[in-house]
Amino acid sequence: MSGAYGKDLERWIPRLIAVWRQARGRGEGPETRLTPQEIKEVGAGVKQLSLGLTRDRKLAGARYMDDPKLLGAYLLFYWPVSYAQAREAMGELPQRPRAVLDLGSGPGPLAFAALDAGASEVTAADRSKPALALARALATEAGEAIATREWDPLKKAPPPEGKYDLITMGHVLNELYGVGDEAVKPRAALLTQVLAQVKPGGSLLVLEPALRETSRLLLKVRDVMVEQGHAIRAPCLYRGACPALVKESDWCHAERDWPMPGVVEDIARAAGLHKESLKMSYLMLAPAGEAWSAPRPDRLFRIVSESLEGKGRQRYIGCGPEGRMGLAMQEKHRAEHNQRFFKLKRGEVISVTNTEPKGDGLALDDRSEVKTVAWPGQAVPPAPPPEPQQAPPAPPEGRGEGS
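Residues numbered from 1 in each chain as written. Predicted model: local features only at pLDDT ≥ 70, side-chain atom pairs only at ≥ 80, totals over all residues. Heavy atoms only, no water.

Engineer: Describe the sheet that holds strand β13 (residues 355–358), naming the residues involved and giving the relevant values.
Structural biologist: Spatially, seven strands are ordered β13-β14-β11-β10-β9-β12-β15 in an open sheet, and the strand pairing comes out mixed. With one partner strand each, in any of the chains shown, β13 and β15 (370–374) form the two edges of the open sheet. Strand-to-strand twist in this sheet, taken as the mean axis angle between neighbours without regard to direction, amounts to 40°. (Pairing = 2+ DSSP bridges. Helix = DSSP H or I, 4+ residues; strand = E, 2+ residues; numbered from the N terminus. Axes fitted to C-alpha atoms, helices over the stretch in contact; angles between N-to-C directions.)

Laid out in structure tokens, this is it:
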């Protein structure tokens, strides 16, 4: 999927740098790079954000985007990351959205991702006036048109009025209503409220950090939504309670290769962070009353782990309509019709045949066929329509009833 938006993301880098320099009122330098002093300055802000949002979590729910230093650090580092995450997830939408609402938008990475994915009307809503001001400055810099609205869910303010093809919430939910299980019900209630503004056939996309704690809480919110009758468009193929919650040590997140901009690489190095791959947890929900997609006739699994390669064998964790389980194949069983198994990526959806129960999952062998049904960042194709049944041949003349 990254090849589809790499050039789009590349175009945003000089815009982000220009708007950041305008906002701080000083500094000139290369259009697509930061000066060493700027990298040092932004790296310090990113380090503070990373500590407060992913480690000690002290900034979760705080108004950090009202701080110019932290907002600038977010703009140059987390904005490209969030944009790329959104473009990856939007590749799984069942249809191109036209009207989009980005809730908790900050300076608009998901809003602009939606525009680049084909949306024609986008509204960015956030409680931070400085963040919305940067979103408007970016729109001007890019020659794009977006609307901005103030929205603070902690004040129980309803989202901006209207019906939308897509509503996005990027790294918002994990910062609301606490950091433990007490947050699950109010978060689910907020998603239910928001889904009421999604048009039939539309989607609500929730992006969250790939941390164990935030991912497991998102899965718990997912289970409440499923119990209430909401269908999950992606990534879930399993329709029951999430099997990744059975063991405390398990969680579910996506990981993608991505075209990391040089400025992000420079800042990551200065902040002591690693961003070689793009990691996130996400849910794409259908509005109330819409059914899960029709089951496919083939046996599907989404790969939800990295390669668990062992001596003489390849193994992954897969999650499909029948649950979460290990999938393993001995190297000696490699053949032309199953060799894809030895280089699968997390997020890929495959179909398998001829398996045998073994241990905590399934064993594949030289009879097994492995096909990619959907690459990471692509929607699972719908089930093919059933072939029309042919009418039985007419009986020969003179052999009808009563003859």
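Engineer: Pulling in residues and values, what's your account of helix α5 (residues 129–142)?
Structural biologist: Between its first and last C-alpha, α5 extends 20 Å over 14 residues, near the 20 Å set by a 1.5 Å rise per residue. Buried residues of α5: Ala-131, Leu-132, Leu-134, Ala-135, Leu-138, Ala-139 and Ala-142, and no others. The buried residues of α5 occupy one face: seen down the axis, they fall within an arc of 155°. Pointing more than 90 degrees away from the buried face of α5 are the exposed residues Lys-129 and Thr-140. Downstream of α5 by a residue or two, Gly-143 has a phi angle that is positive, lying close to 70°. (Expected span 1.5 Å × (residues − 1). Buried < 20%, exposed > 50% of the residue type's maximum accessible area, 1.4 Å probe, protein only. Arc of directions from axis to C-beta.)

Engineer: Just give me the short version of the environment of Leu-195, but keep the residues and values in it.
Structural biologist: Its location among the elements puts Leu-195 in helix α6 (residues 184–195). Spatially, the C-alpha atom of Leu-195 lies 18 Å from that of Ala-183, the residues being twelve residues apart in sequence. When neighbours within four sequence positions are excluded, Leu-195 is seen to be in contact with Leu-204, Met-225, His-230, Leu-285, Ala-286 and Pro-287. (Contact = heavy atoms within 4.5 Å.)

Engineer: Explain empty space enclosed by the protein to me, and be specific about the residues and the numbers.
Structural biologist: Under the counting rule described, the total for this entry stands at three cavities of 30 Å³ or more. The calculated volume of the largest cavity comes to roughly 280 Å³. The wall of the largest cavity is formed by 24 residues, among which Pro-235, Cys-236, Cys-252, Arg-302 and Val-304 lie closest to the centre. Residue assignment for the lining of the largest cavity shows that the elements contributing at least two residues are α7 (212–227), β7 (254–257), β8 (277–285) and β9 (299–303). Residue classes in the lining of the largest cavity are distributed as 16 nonpolar, three polar and five charged. A volume near 50 Å³ is recorded for the second largest cavity. Around the second largest cavity, the lining residues are Leu-93, Pro-94, Gln-95, Arg-96, Pro-97, Asp-165, Gly-201, Gly-202 and Ser-203. (1 Å grid on protein atoms, 1.4 Å probe; cavity = no way out; pocket = protein on both sides within 12 Å on 5 of 7 lines; lining within 4 Å. Points joined across faces, edges and corners; volume = space filled by probe spheres on them. Nonpolar A, V, L, I, M, F, W, Y, C, P; charged D, E, K, R; others polar.)

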